[in-house]
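What follows is each chain in one-letter form.
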Amino acid sequence: MITFHLARATNGVIGVDGDLPWRLPADLKRFKAQTMGKPMVMGRKTFEGFPSPLPGRRHIVLTRDPASRAAGAAVVPSGSEALGAAGGGGVGVMGWAGILARFLHLAEPLGRPHVHRARRAAPVARLAKYLQNTCKILAKYVQNTCKILAKYFADCDVHVGQS
């Protein structure tokens with residue numbers, strides 16, 4: 001099972017200068033409990049945002065840069081290689097649109113996303129809007145990727161687009 005681990009402030013912020021924009025011990029404790037002992041797939045920038053690899057987890061860094069190195073992590077160029085490096089069982093995925101889009105078709109319905117609110121749990125309507133916005137972002141990413149691929153394969157018999 002693939003589970004997405006993401007959090008977003010009510011104003012839409014997911015990070016500030018490579019760090020979390022909040023410090024909530026209960027949130028960090030929950031994240032630790034959900035991810036301990038599991039492989040974690042993330043993008044290079046997410047990994048670089050940690051002061052050091054998180055203890056008790058196997059880190060798998062997904063990057064297009066073949067020269068990239070990450071101390072304490074396996075570096076892989078594709079989603080399929082990331083899943084291979086994770087082995088069987090559950091795997092957590094962290095990051096934003098680019099990383100999540102690679103695994104969206106394999107994940108549980110957004111793997112119990114954690115919508116962040118400091119004082120009380122997010123109402124169902126806010127959660128629904130958050131999920132709707134996340135899907136729009138991912139759809140835009142996929143659409144843009146298709147446009148790029150269509151230009152790249154313009155002279156071939158390959159056609160890329162929405163079905």
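None of these values were measured; they are calculated from a predicted model. (Residues numbered from 1 in each chain as written. Predicted model: local features only at pLDDT ≥ 70, side-chain atom pairs only at ≥ 80, totals over all residues. Heavy atoms only, no water.)

(A) Representation of the pairing of strand 5 (residues 91–94). Burial along strand 5 is two-sided: V91 and V93 and G92 and M94, pointing in opposite directions, are all buried. In this sheet, strand 5 lies alongside strand 1 (residues 2–5) in parallel orientation, the contact comprising four bridges. Paired with T3 across the bridge in strand 5 is G92. Sheet analysis places strand 2 (residues 39–43) next to strand 5, joined by three bridges and oriented parallel. Along strand 5, the bridge assignment pairs V41 with V93. (Buried < 20%, exposed > 50% of the residue type's maximum accessible area, 1.4 Å probe, protein only. Helix = DSSP H or I, 4+ residues; strand = E, 2+ residues; numbered from the N terminus. Pairing = 2+ DSSP bridges.)

(B) Spotlight on the environment of P21. Looking at where P21 falls in the secondary structure, it is placed in the loop between strand 1 and helix 1 (25–35). Sequence separation between P21 and A9 is twelve residues, and the spatial gap between their C-alpha atoms is 8.0 Å.

(C) The arrangement of helix 3 (residues 79–86) in detail. Among all positions in helix 3, only G79, A82 and A86 are buried. When helix 3 is viewed along its axis, its buried side chains cluster within an angular range of 55 degrees and face the same direction. Away from the buried face of helix 3 by more than 90 degrees, exposed residues S80 and G84 are located. Contact partners of the buried residues in helix 3: strand 2, strand 3 (58–62), strand 4 (73–76), strand 5 and helix 4 (97–103). (Arc of directions from axis to C-beta. Contact = heavy atoms within 4.5 Å.)

(D) Structural view of the sheet that holds strand 4. Taken in spatial order, the five strands line up as 1-5-2-3-4 in an open sheet, and their pairing is parallel. Two strands close off the open sheet at either side, each with one partner strand: strand 1 and strand 4. Recorded for the sheet is a direction-independent mean angle of 25 degrees between the axes of neighbouring strands. One ladder, built from four bridges, connects strand 3 with strand 4; its direction is parallel. Counted as the bridge partner of I60 is A74 from strand 4. Those strands touched by helix 3 are strand 1, strand 2, strand 3, strand 4 and strand 5, and its axis lies near 170 degrees from that of strand 3. (Axes fitted to C-alpha atoms, helices over the stretch in contact; angles between N-to-C directions.)

The analysis is restricted to geometry; functional conclusions fall outside its scope.
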